[in-house]
Amino acid sequence: MNFDISPQLKAQLAAIRRFVESELYPLEPALLKEGFNAIKPRLNSLRQEVKERGWWLPHLPEDHHGMGLSLMNFGMVSEVLGGSILGHYVFNCQAPDAGNMEILLEFGTDAQKEQFLEPLLQGSVRSCFAMTEPEFAGSNPVRLGATATLDGDEWVISGHKWFTTAADGAQFAIAMVVTEEGDDIKPHARASQIIVPLNTPGFELVQNLSIMGERGEDYLSHAEVRFNDCRVPVSNMLGERGKGFSIAQTRLGPGRIHHCMRWIGICERALHLTCAYATQRQLTSDQTLADQQIIQSWLAESRAEIDAARLMVLRTAWLIDHQGARAARQEISTIKFYVAGVLQRVLDRALQVHGGLGMTDDTPIAFWYRHERAARIYDGPDEVHKLSLARTMLKPYRFRKDK
Ligand SMILES: Cc1cc2nc3c(=O)[nH]c(=O)nc-3n(C[C@H](O)[C@H](O)[C@H](O)COP(=O)(O)OP(=O)(O)OC[C@H]3O[C@@H](n4cnc5c(N)ncnc54)[C@H](O)[C@@H]3O)c2cc1C
């Protein structure tokens, strides 16, 4: 296992870091106080600049307008981008579009790629992924209520979804819906993925959910949506019938690396802000916050946890690059809950050190504290990943006992 990087990537990472710090950090106060739409024109011109510099779509191969990086190397870029709230969006690798691009690339027909993937790659449209439903436990996504039934050469889609991230302003959804029913159908083979343009009659964006006191805008929103007998052509099926669950799994392996490395970028920025604040916040005429041992202990704990998390994620990315996501299933589950936990602890310490200032939107810490609590829930809650890891660990022991 080797985490060395080429001199070329090293230079690119340094240049990307300078760009993120000089162009994106200064936009965050306006984002936090005036909202996403207030800075959208500036973001559009920065997206153009990123394209011109050859950094666009860092997660995709070069023949699809991307940077052509391995997953491990993309992870390193993702960490740098994660240092700003706006990084992934400006480089067009934000969730859920990045995952949708990957599955359209792998499972889309030529016509689907032309109609749906190409505009996503250009950055002229956004998309969303509609799987979770209020009425069913999302932790077990084989249980779904939304259906698609065939009527001539159309699928008729009906269902209720929520937490459809970024549906507000998106052009299409990839919807997980039940298409296969019957006693002989296995639970994992009931659902399919179907592409639904959001201007299809019957599609209803019920509301942007209020999450921790914020409704969010554009790609920073999470919607409740309804598909009221939406009709789409049969050709909008993504991949094969009944393969929705396995396509979703394909998306989640690399997707968890994307999230984990983004979270490590958030941790690094939060730790940097914490050190900077602690050293300048005067408690007495000769002592700052940074002179207090309890604060020093928190800083050391954060440093150690972030470094451990990074090594675990890079190792998992390396394994996926060399042996595929299936071989790294245990590691993927491990990093998902471990790094989400590190993120909560590092952000909590950062907020505490900033005192009242930490609760305001004068730093990005409170934004991340609100938004990233969800890291322990989305893409599989902690408990599901721990169960999956423990089950694998216990397998050989149970086997021995049976003998
Ligand atoms: C910010 C955010 C963005 C999201 N974006 C999307 C999106 O774009 N598209 C989409 O389709 N979905 C999205 N989701 C939904 C997300 O995937 C689900 O919330 C998640 O899968 C959990 O499902 P649930 O909310 O129904 O919780 P439930 O399944 O009802 O579980 C509730 C809690 O029970 C516990 N639990 C679950 N299973 C077990 C178990 N076996 N043993 C012990 N405890 C358990 C966990 O603590 C879990 O948090 C998003 C969620 C959030 C918060």
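Residues numbered from 1 in each chain as written. Predicted model: local features only at pLDDT ≥ 70, side-chain atom pairs only at ≥ 80, totals over all residues.

*Asks:* Looking at this structure, how should I read the overall build of the protein chain?
*Replies:* Scanning the protein chain for helices and strands turns up twelve helices and ten strands. On C-alpha atoms alone, the protein chain measures out to a radius of gyration of 22 Å, which is about the 22 Å that the 2.2 N^0.38 rule sets for 403 residues. Each principal axis of the C-alpha atoms in the protein chain carries an extent, and together these give about 80 × 65 × 45 Å. Every one of the 403 residues in the protein chain was classed for burial, and the buried ones make up 43%. Considering only contacts in the protein chain between residues 6 or more positions apart, those separated by 24 or more positions represent 72%. (Helix = DSSP H or I, 4+ residues; strand = E, 2+ residues; numbered from the N terminus. Rg over C-alpha atoms; globule rule 2.2 N^0.38 Å. Buried ≥ 20, exposed ≤ 12 C-beta atoms within 10 Å, placed from the backbone. Contact = placed C-beta atoms within 7 Å.)

*Asks:* Explanation requested: the site of the ligand in the structure shown.
*Replies:* Around the ligand, a shell composed of 19 residues is seen, among which Met 131, Ala 137, Gly 138, Ser 139 and Thr 165 lie nearest. Looking at which domains feed residues into the shell around the ligand, each of domain 2 (127-238) and domain 3 (246-402) gives three or more. (Near = placed C-beta within 6 Å. Domains from an automatic or database assignment.)

*Asks:* Would you explain the nonpolar core in this entry?
*Replies:* General note: in soluble globular proteins, nonpolar side chains tend to be found buried as a group. Of all hydrophobic cores here, the largest spans 108 residues; its most connected members are Ala 175, Ile 194, Val 196 and Val 339. If you tally residues by element for this core, the top one is helix 8 (residues 244-280), at 13 residues. Not counting chain neighbours up to four residues away, the residues in contact with Ala 175 comprise Ala 130, Ala 146, Ile 157, Ile 194, Val 196 and Phe 227. (Core = buried A, V, L, I, M, F, W, Y, C linked by C-beta atoms within 7 Å.)

*Asks:* Which parts of the structure should I look at to understand the pairing of strand 5 (residues 191-197)?
*Replies:* The side chains of a regular strand alternate between the sheet's two faces. With respect to burial, strand 5 is a largely interior element, six of its seven residues being buried. For strand 4 (residues 172-178) and strand 5, the ladder comprises seven bridges, and the chain directions are antiparallel. Across the sheet, residue Met 176 finds its bridge partner in strand 5, namely Gln 193. Summarising the sheet, strand 5 and strand 8 (residues 237-238) pair through two bridges and their orientation is antiparallel. (Pairing = 2+ DSSP bridges.)

*Asks:* Can you walk me through the domain arrangement of the protein chain in this structure?
*Replies:* By convention, interface size is frequently given as the accessible area that disappears when the constituent parts associate. Splitting the protein chain by domain gives domain 1 (7-122), domain 2 (127-238) and domain 3 (246-402). For domain 1 and domain 2, the distance between their C-alpha centres works out to 25 Å. Opposite the 17 residues of domain 1 that make contact, domain 2 presents 14 residues. Looking at the side of domain 1 that touches domain 2, the elements that each hand over two or more residues are helix 3 (36-52), helix 6 (97-107) and helix 7 (110-122). Looking at the side of domain 1 that touches domain 2, the element that brings in the most residues is helix 6, giving five residues.

*Asks:* Looking at this model, I keep getting lost on helix 4 (residues 71-82). Mind explaining?
*Replies:* Note on helix geometry: an α-helix contains 3.6 residues per turn, so any two residues three or four positions apart are oriented the same way. Its twelve residues place the ends of helix 4 16 Å apart at the C-alpha level, agreeing with the 16 Å of an ideal helix rising 1.5 Å per residue. Buried positions along helix 4 lie against helix 1 (7-24), helix 5 (87-90), helix 8 and helix 9 (293-323). (Expected span 1.5 Å × (residues − 1).)

*Asks:* What is the right way to read helix 7 from this model?
*Replies:* If you check helix 7, its first and last C-alpha atoms are 17 Å apart, about what 13 residues at 1.5 Å a residue would give, namely 18 Å. Its maximal kink placed at Phe 116, helix 7 deviates by approximately 35°, while the proline Pro 119 follows within four residues. Listed in full, the buried residues belonging to helix 7 are Phe 116, Leu 117, Leu 120 and Leu 121. Those residues of helix 7 that are buried are in contact with helix 6, strand 1 (127-130), strand 4 and strand 5. One or two residues past the end of helix 7 sits Gly 123, with phi positive at roughly 85°. (Bend = angle between axes of the 7 residues up to and from the residue.)

*Asks:* Is there a simple way to think about the environment of Leu 31 in this case?
*Replies:* Mapped onto the elements of the fold, Leu 31 is located in helix 2 (residues 28-34). For Leu 31, a count of 23 C-beta atoms within 10 Å corresponds to the buried category. Note: C-alpha distance between Leu 31 and Pro 364 (333 residues apart in sequence) is 9.9 Å. When neighbours within four sequence positions are excluded, Leu 31 is seen to be in contact with Phe 36, Ile 39, Ile 85 and Leu 86.

*Asks:* How should I be thinking about the environment of Pro 7 in this particular structure?
*Replies:* Within the secondary structure, Pro 7 sits in helix 1. As for Pro 7 and Asn 140, which are separated by 133 residues in sequence, their C-alpha atoms are 44 Å apart.

*Asks:* Where do I start with the packing of helix 1 against helix 4 in this structure?
*Replies:* Helix 4 packs onto helix 1 with a crossing angle of 20° between their chain directions and a minimal axis gap of 9 Å. As the angle between them shows, helix 1 and helix 4 are arranged roughly parallel. Note on packing geometry: the crossing formed by helix 1 with helix 4 is right-handed. Between helix 1 and helix 4, the residues in contact are Leu 9, Leu 13, Ile 16, Arg 17 and Val 20 and Asn 73, Met 76, Val 77, Val 80 and Leu 81, respectively. (Axes fitted to C-alpha atoms, helices over the stretch in contact; angles between N-to-C directions. Parallel < 35°, antiparallel > 145°, perpendicular 65-115°, else oblique. Left-handed = near helix turned anticlockwise from the far one by under 90°.)

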